[in-house]
Amino acid sequence: MRRLRYYVQFCVCAACLLVVNGARAQIGPPAANNQASVANQLPLSGRGNNNGSVTATESAIPGTTTSVNTINTNVQTSGPYAGSASSAAMPFSGKLSFQDAIDRGLRYNLGAVGLNDTVRQANGQSRVVRSSLLPNLTSSLTETVEQTNLRALGVRISSPFPGFAIPSVVGPFNYFDLRARLTQTVANLTSLNNYRSAKETVKADRLSVRDARDLVVLAVGGAYLEVIAAQARVESAKAQVQTAEAQYKQASEQRAAGVLSLTDLNRSEIQLLTTRERILSLNNDYAKQKINLARLTGLPATDNYEVTSKVPFSPAPPIELNGALQQAFHQRADLQAAQAQIQAAQFTRSAARAERLPSLSLSADYGAIGTNPSQSHGTFSVVGTLSVPIWQGGRTAGDIEQADAALAQRRAELEDVRSHIESDVRNAFLDLQAATSQVEAARRNLTVTNETLELTRQRYSAGVSEYVEVVQAQESVASAQLDYINSVFAHNVAKLSLARAIGGAAEKLTVYLNLQ
């Protein structure tokens, strides 16, 4: 009987160990520590990491006695806006119109492409933040084979029978656990405000893409206008070469007839050589401008294509300065992006302050456990957790301070954007007024110099003037033609800059530019 009693005791101990292990299996792996939610801090500056820029500048240059050109127009493009991805997927016939160039730029210029990827990244981050507010459901299937050392667990049973030892190792035994687990945040203001901040950041990035589109229009449109101006200079120089060749031929005949001095013949030849040298330089600039335009639109970096659009002088649309400023403050995407950045920073500050508040979460699991599926039984657990932060070593105060700093920086950046927009609009208006006056002066100057050249030729044919006066008159005409070309280019760039300054430049092209 005593042997039977000891045997029963041993069996009870072993059974207790099995029950303990079975209970561990039913409960499943220990849950991870419930970490308190923290505010997702924003970078100090809300401005994107896209450091490129596009600016149109019109600087004054000293005039001369033969030129009225007092404005030098230049469209400066830097950073990603100066490059593009390949547009090989978009058919190209070898002829590039103004609108086609704009469309290619909006699609392939790196200034817009890079920010589109930034929006995708921000949208993905927003989804990650949102996941902490939505139900999280996981499942697991475990199969456990275990052998337990009773002595290691502190269980020591001495055998009452000489020569008979009670085993200190139990097993091996096995069990499986098929389980589904659900976790759900019920109330957590920190996580909620983190998600709101992430949504505002996505909104700001999308608005930055809209602003980048305006910059792409300015960059590509300005480059196209530069190509048109360079082409016009080449055509003007070709006409001057033809005139110089005709005059040199005439001078050679007159020299052979003995009615023209060698000095005048040399002047005629120098004039011809000068115009030929000039056209070489202008052709070189024309080719480079076409290569630059190709780089901005995703075309191969070559000048082996044709620009087909003409953008002649046309009056600017009737708009007043105050009306333009109101439209700009209402339409400019960079201003709206800065406002969205402030909203994001305010939500981040609210998230940091909410770290001091309690949070409530729910977790549940249900599964089947047993030695095999036919001998399994369902088990479940439901746990509600109320977390009350008491002291976190000053981390919350640090998070609030960081959020306040980011919010203050974004407010300062918003004021800077407002000032920058007003500066853009006012500068564009000044450039437009100056370019309009320049076009009028250059047009009148071209008319007068042509009349003077014709009168000088008549006087030279009548023998009452020297050939040097004819050469000087021709140079005046050439200078006046360049002045007119440059003034029309400056006027078109000023209108394009005004469209960008107001916002929505891609939609305003047909209104501001008389495309042909």
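Residues numbered from 1 in each chain as written. Predicted model: local features only at pLDDT ≥ 70, side-chain atom pairs only at ≥ 80, totals over all residues. Heavy atoms only, no water.

**Points about the packing of helix α8 (residues 395–461) against helix α9 (residues 467–502)**
Close contact between α8 and α9 brings their axes to 7 Å; oriented N to C, the two are set at 160°. By the criterion of interaxial angle, the relationship of α8 to α9 is roughly antiparallel. Crossing of α8 over α9 shows left-handed handedness. (Axes fitted to C-alpha atoms, helices over the stretch in contact; angles between N-to-C directions. Helix = DSSP H or I, 4+ residues; strand = E, 2+ residues; numbered from the N terminus. Parallel < 35°, antiparallel > 145°, perpendicular 65-115°, else oblique. Left-handed = near helix turned anticlockwise from the far one by under 90°.)

**Considering helix α4 (residues 189–256)**
With 68 residues, α4 should cover 100 Å at 1.5 Å per step; its first-to-last C-alpha distance of 99 Å lies within 8% of that length. With a side-chain oxygen lying 3.2 Å from the backbone nitrogen of Thr190, the N-terminal cap of α4 falls on Asn188. Trailing α4 by a residue or two, Gly258 shows a phi angle of about 80°, which is positive. (Expected span 1.5 Å × (residues − 1). Polar contact = N/O pair within 3.5 Å; in protein donor to acceptor, adjacent residues only side chain to side chain.)

**Let's talk about empty space enclosed by the protein**
Taken as a whole and assessed by the stated rule, the structure comprises 1 cavity of 30 Å³ or more. Computed from the structure, the largest cavity encloses a volume of approximately 60 Å³. Leu150, Arg151, Val155, Arg156, Ile157, Ile166, Pro167 and Ser168 are the residues that line the largest cavity. Residue classes in the lining of the largest cavity are distributed as 5 nonpolar, 1 polar and 2 charged. (1 Å grid on protein atoms, 1.4 Å probe; cavity = no way out; pocket = protein on both sides within 12 Å on 5 of 7 lines; lining within 4 Å. Points joined across faces, edges and corners; volume = space filled by probe spheres on them. Nonpolar A, V, L, I, M, F, W, Y, C, P; charged D, E, K, R; others polar.)

**Thoughts on the pairing of strand β7 (residues 359–370)**
Looking at chain direction, strand β5 (residues 169–187) and β7 are connected through 11 bridges and run antiparallel. Within β7, the residue paired with Leu178 across the bridge is Ala368. In terms of strand pairing, β7 meets strand β8 (residues 377–387) through 11 bridges, oriented antiparallel. The partner of Ala368 across the bridge, within β8, is Gly378. (Pairing = 2+ DSSP bridges.)

**Quick word on the side chain of Gln231**
Position of Gln231 among the secondary structure elements: in helix α4. When near neighbours in sequence (up to four residues on either side) are disregarded, Gln231 contacts Tyr286, Val307 and Lys310. (Contact = heavy atoms within 4.5 Å.)

**A few points about the packing of aromatic side chains**
The description of an aromatic ring pair rests on the distance of the ring centres and on the angle between the ring planes. Tallying each qualifying case throughout the model produces 2 aromatic pairs. Plain terms: the ring middles of Phe98 and Tyr224 are 5.1 Å apart, the flat faces sit at 70° to each other, and that makes the pair edge-to-face. Within this pair, whereas Phe98 is found in helix α2 (residues 98–108), its partner Tyr224 is found in helix α4, the two being separated by 126 residues in sequence. Exposure class is identical for Phe98 and Tyr224. Each is buried. The positively charged end of Lys290 is found above the aromatic ring belonging to Tyr305, 5.0 Å away from the centroid. (Phe/Tyr/Trp six-rings, centres within 6.5 Å; stacked < 30°, edge-to-face > 60°. Buried < 20%, exposed > 50% of the residue type's maximum accessible area, 1.4 Å probe, protein only. Lys NZ or Arg CZ within 6 Å of the ring centre and 35° of its normal.)

**As for the pattern of salt bridges**
Scanning the model with the defined rule gives 11 salt bridges in all. Several salt bridges converge on common partners, so that one network encompasses Asp177, Arg179 and Asp365. (Salt bridge = Lys/Arg side-chain N within 4 Å of Asp/Glu carboxyl O.)

**Focus: the environment of Ser197**
Along the chain, Ser197 turns up in helix α4. With 151 residues separating them in the primary sequence, Ser197 and Thr348 have C-alpha atoms 5.9 Å apart. Not counting residues up to four positions away in its chain, the partners in contact with Ser197 are Leu42, Ala344, Phe347 and Thr348.

**Observations regarding the nonpolar core**
Counting 68 residues, the largest nonpolar core has Phe98, Tyr224, Leu225 and Leu293 as the members making the most contacts within it. Among the elements that line this core, the one with the most residues is α4, at 17 residues. Listed in part, the 7 residues of the second largest apolar core include Leu260, Tyr467, Val470 and Val471. (Core = buried A, V, L, I, M, F, W, Y, C linked by side-chain atoms within 4.5 Å.)

**Considering the sheet that holds strand β4 (residues 136–149)**
The sheet built from 4 strands is open, its strands ordered β4-β5-β7-β8 with antiparallel pairing. Only two strands of the sheet have a single neighbouring strand rather than two, namely β4 and β8. Put simply, the sheet's adjacent strands are angled 25° from each other on average, direction ignored.

**With respect to helix α3 (residues 110–131)**
With 22 residues, α3 extends 32 Å between its outermost C-alpha atoms, agreeing within 8% with the 32 Å of an ideal straight helix rising 1.5 Å per residue. Within α3, burial applies to Gly111, Ala112, Leu115, Val119, Ala122, Ser126 and Val129. Angular distribution of buried residues about the axis of α3 spans 90°; they occupy a single face of the element. Across from the buried face of α3, at angles greater than 90 degrees, the exposed residues are Arg120, Gln121, Arg127 and Val128. Regarding α3, its N-cap is Asn109, as a side-chain oxygen of that residue lies 2.8 Å from the backbone nitrogen of Gly111 further along. (Arc of directions from axis to C-beta.)

**Brief notes about the confidence of the model for the protein**
Per-residue confidence for the protein gives a mean pLDDT of 84; residues scoring 70 or more make up 90%. The weakest mean pLDDT in the protein belongs to helix α1 (residues 2–27) at 45; the strongest belongs to helix α7 (residues 333–353) at 94. (pLDDT = per-residue confidence, 0-100.)

**Remarks on the packing of α9 against helix α10 (residues 505–512)**
Closest axis-to-axis distance for the α9/α10 pair is 9 Å, and the angle between their directions is 140°. The interaxial crossing formed by α9 with α10 has right-handed handedness. Mapping the contact onto sequence places Lys495, Leu496, Leu498, Ala499, Arg500 and Ile502 in α9 and Ala505, Lys508, Leu509 and Tyr512 in α10. Looking at the contact of α9 with α10 residue by residue, the classes come out as 7 nonpolar, no polar and 3 charged.

**Looking at the side chain of Ser487**
Along the chain, Ser487 turns up in helix α9. On the basis of relative accessible area, Ser487 is assigned to the buried category, the value being 0%. Once you skip the residues sitting within four places of it in the chain, Ser487 turns out to touch Ala435, Gln438, Val439 and Ala442.

**Focus: a nonpolar patch on the surface**
Together, Val186, Leu360, Leu362, Tyr366, Phe380, Val382, Leu386, Val388, Ile390 and Trp391 line one region of the surface with nonpolar side chains, adding up to about 1,200 Å² of accessible area. Going through the elements one at a time, β7 and β8 are the ones with two or more residues in the nonpolar patch. As for its position among the elements, Leu362 is in strand β7. On the basis of relative accessibility, which here comes to 37%, the residue Leu362 falls in the partly exposed class. (Patch = residues over 30% accessible without salt bridge, like charges linked within 9 Å, V, L, I, M, F, W, Y side chains within 5 Å. Areas by Shrake-Rupley, 256 points an atom, 1.4 Å probe, with all protein chains shown as cover.)

**Considerations on the pairing of β5**
Here 13 bridges tie β4 to β5, and the two strands are oriented antiparallel to one another. Of the residues in β5, the one forming a bridge with Glu143 is Phe176.

**As for the environment of Asn427**
Secondary-structure assignment places Asn427 in helix α8. It is 9.1 Å that separates the C-alpha atoms of Asn427 and Ala494, two residues lying 67 residues apart in sequence.

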